[in-house]
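Each chain, written out:
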Amino acid sequence: MKHPARRLGLVLGDQLSFDLSLFAALDPARDAVLMAEVNEEASYVPHHPHKIVLVFSAMRHFAAALEERGWRVIYTRLDAPGNSGSLAGELRRWHAALGEPELHLTECGEWRVEDALRATGLPLNWHADSRFLCSREAFVRWAGERKQLRMELFYREMRKRSGLLLEPDGQPLGGSWNFDADNRKALPKGVRGPFPARFGQDAITREVVALVGERFAHHYGRLEGFDYPVTHAEAQALWQHFLAFALPAFGDYQDAMAEGEPYLFHARISAALNIGLLDLRQLCADVESAHRQGQVPLNAAEGFIRQLIGWREYVRGIYWLRMPDYATLNVFGNSRPLPEFYWTGRTEMRCMAQAIGQTLELGYAHHIQRLMVTGNFALLAGIAPAAICEWYLAVYLDAFEWVELPNTLGMVMHADGGYLGSKPYCASGRYIQRMSDHCASCRYRVDRATEEDACPFNALYWHFLMRHSERLGRNPRLAMAYRNLQHMDDARVDALWERGERLLARLDAGEAL
Ligand code: DLZ
């Protein structure tokens, strides 16, 4: 038997925070921490190589930092002899090897992982994930008997509970809870995002890059060029770069897209936050103080804080409230496979090629590219929710199922029938034209809908509304679109339907558009 431990704390690859409440339950003098790189987590979906590099490298750096603080860390490398290949297997193995210590764990991000750990039958002591403001139980209480949940109401509760951006009398700063209407500007010509912060690879990261190259070369996405933070200090530097150079314009251009601008004014911190390298409370406090010191307008500060304490906590609450059945919802009965070009970027639709291309290169696209380009296309084309969910989970550095699934299945695909959001985010090519400069260099014409060179988003948009009119026709948020459809003459409606049918048939034949 290895030197026994009294207690063993399991720390997962997305739990790399010194502030986890788990650590308060352990004693560095007598207890141990277990961390494990396992094949199952790296391959249950074909993760982008950068994502595996990020998680493994950040895990190795965190293990070293724990050891520096005096912790005994049992660390299983992916290629270590005896690696059982799964988190449950490693927990069982080390529980036996260390003399059956008391086991401590933090609630998992993903239902799948928590289920597998519970299924070991080992006696497990669970700790709440203190990185979130709203516990799973508090969300269940908030949701109560409400038939429909709405983010906006949840967000107001969170603002009140956290005290963020409030007047002394408890009213919202600036007289409104939400300044989203100010955050939809297109990018003026000549405006560019700041130079992105980039982080060099140290010896640990280079070793991981080589390992990922050997073991996961068949995964889609580029291995070279990894430049993301892997330590708390680097994540702080990324954050300070955002505060100084991008936050002031973040609100205005939050929804904009531009050629050759993968980040614009976005923070790019979501992956670091989701794996524990950044602390939500600090981020919110920094943004609020930047606003109160006059460095950042309210629409930017409020918009940023809303994403963190509103949307992000809301989707996590819904995930844990509704899993595991939530993953199977498919109210439109979609069954079309994901087009091959999602994995290669080879499509003549310029906006899609840009969004997918940067995703394969960087493991990153911002929320409007995800929602209104790749997501919108999947919605309009009737892609099977499970297939598009797997894609988002695999290709984005920040994608863990608790945040990916509600965003994709609920917000993008409306496959939950409107439980998470009140309308599907369907749009024609006009929206993309308004918010980007992609259409100018596209081979398709955004001002046409029925001709062979017309932007596919246009006919697919009307086809989507027509084929789901029974379910969506009475949705007040789509009333204008359905009114426009009613006012079209029959010949136009037929031509749109037929063009939509031809496009879908081409997808079914495995053709790229
Ligand atoms: C994403 C990921 C990967 C690629 N590898 C590991 C791993 O080897 N060990 C580990 O503990 N965690 C890994 N993760 C993150 C887990 O998948 C994550 O903990 C679950 O998705 C739960 O959120």
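Residues numbered from 1 in each chain as written. Predicted model: local features only at pLDDT ≥ 70, side-chain atom pairs only at ≥ 80, totals over all residues. Heavy atoms only, no water.

With that settled, the discussion passes to the sheet that holds strand 1 (residues 7–10). Taken in spatial order, the five strands of this open sheet run 3-2-1-4-5, and their pairing is parallel. Taken across any chain shown, the strands that pair with only one partner, and hence form the sheet edges, are strand 3 (72–76) and strand 5 (124–127). Along the sheet, successive strands turn relative to each other by an average axial angle of 25 degrees, direction set aside. Sitting on the sheet, helix 3 (residues 49–68) touches strand 2 (32–36) and strand 3, and the angle it makes with strand 3 is about 160 degrees. (Pairing = 2+ DSSP bridges. Helix = DSSP H or I, 4+ residues; strand = E, 2+ residues; numbered from the N terminus. Axes fitted to C-alpha atoms, helices over the stretch in contact; angles between N-to-C directions. Contact = heavy atoms within 4.5 Å.)

Domain annotation for the protein reports domain 1 (7–127), domain 2 (136–194 + 246–322) and domain 3 (341–508). Just the C-alpha atoms count here: the centres of domain 1 and domain 2 sit 31 Å apart. The interface is formed by 13 residues belonging to domain 1 together with ten residues belonging to domain 2. Around 900 Å² of area is buried between domain 1 and domain 2 when both sides are counted, 53% of it from carbon and sulfur atoms. Summed over the shared surface of domain 1 and domain 2, the result is three salt bridges. Here glutamate 107 ties to arginine 136 by a salt bridge, and the two come within 3.7 Å at their closest N and O atoms. (Domains from an automatic or database assignment. Buried area = accessible area lost by both parts, 1.4 Å probe. Salt bridge = Lys/Arg side-chain N within 4 Å of Asp/Glu carboxyl O.)

Time to look at a negative patch on the surface. A cluster of acidic residues, Asp489, Asp490, Asp494, Glu498 and Glu501, forms a negative patch at the surface. On the secondary structure map, aspartate 489 appears in the loop between helix 22 (479–486) and helix 23 (490–508). (Patch = residues over 30% accessible without salt bridge, like charges linked within 9 Å, V, L, I, M, F, W, Y side chains within 5 Å. Areas by Shrake-Rupley, 256 points an atom, 1.4 Å probe, with all protein chains shown as cover. Lys, Arg positive; Asp, Glu negative; His and termini not counted. Charge placed at Lys NZ, Arg CZ, Asp CG, Glu CD.)

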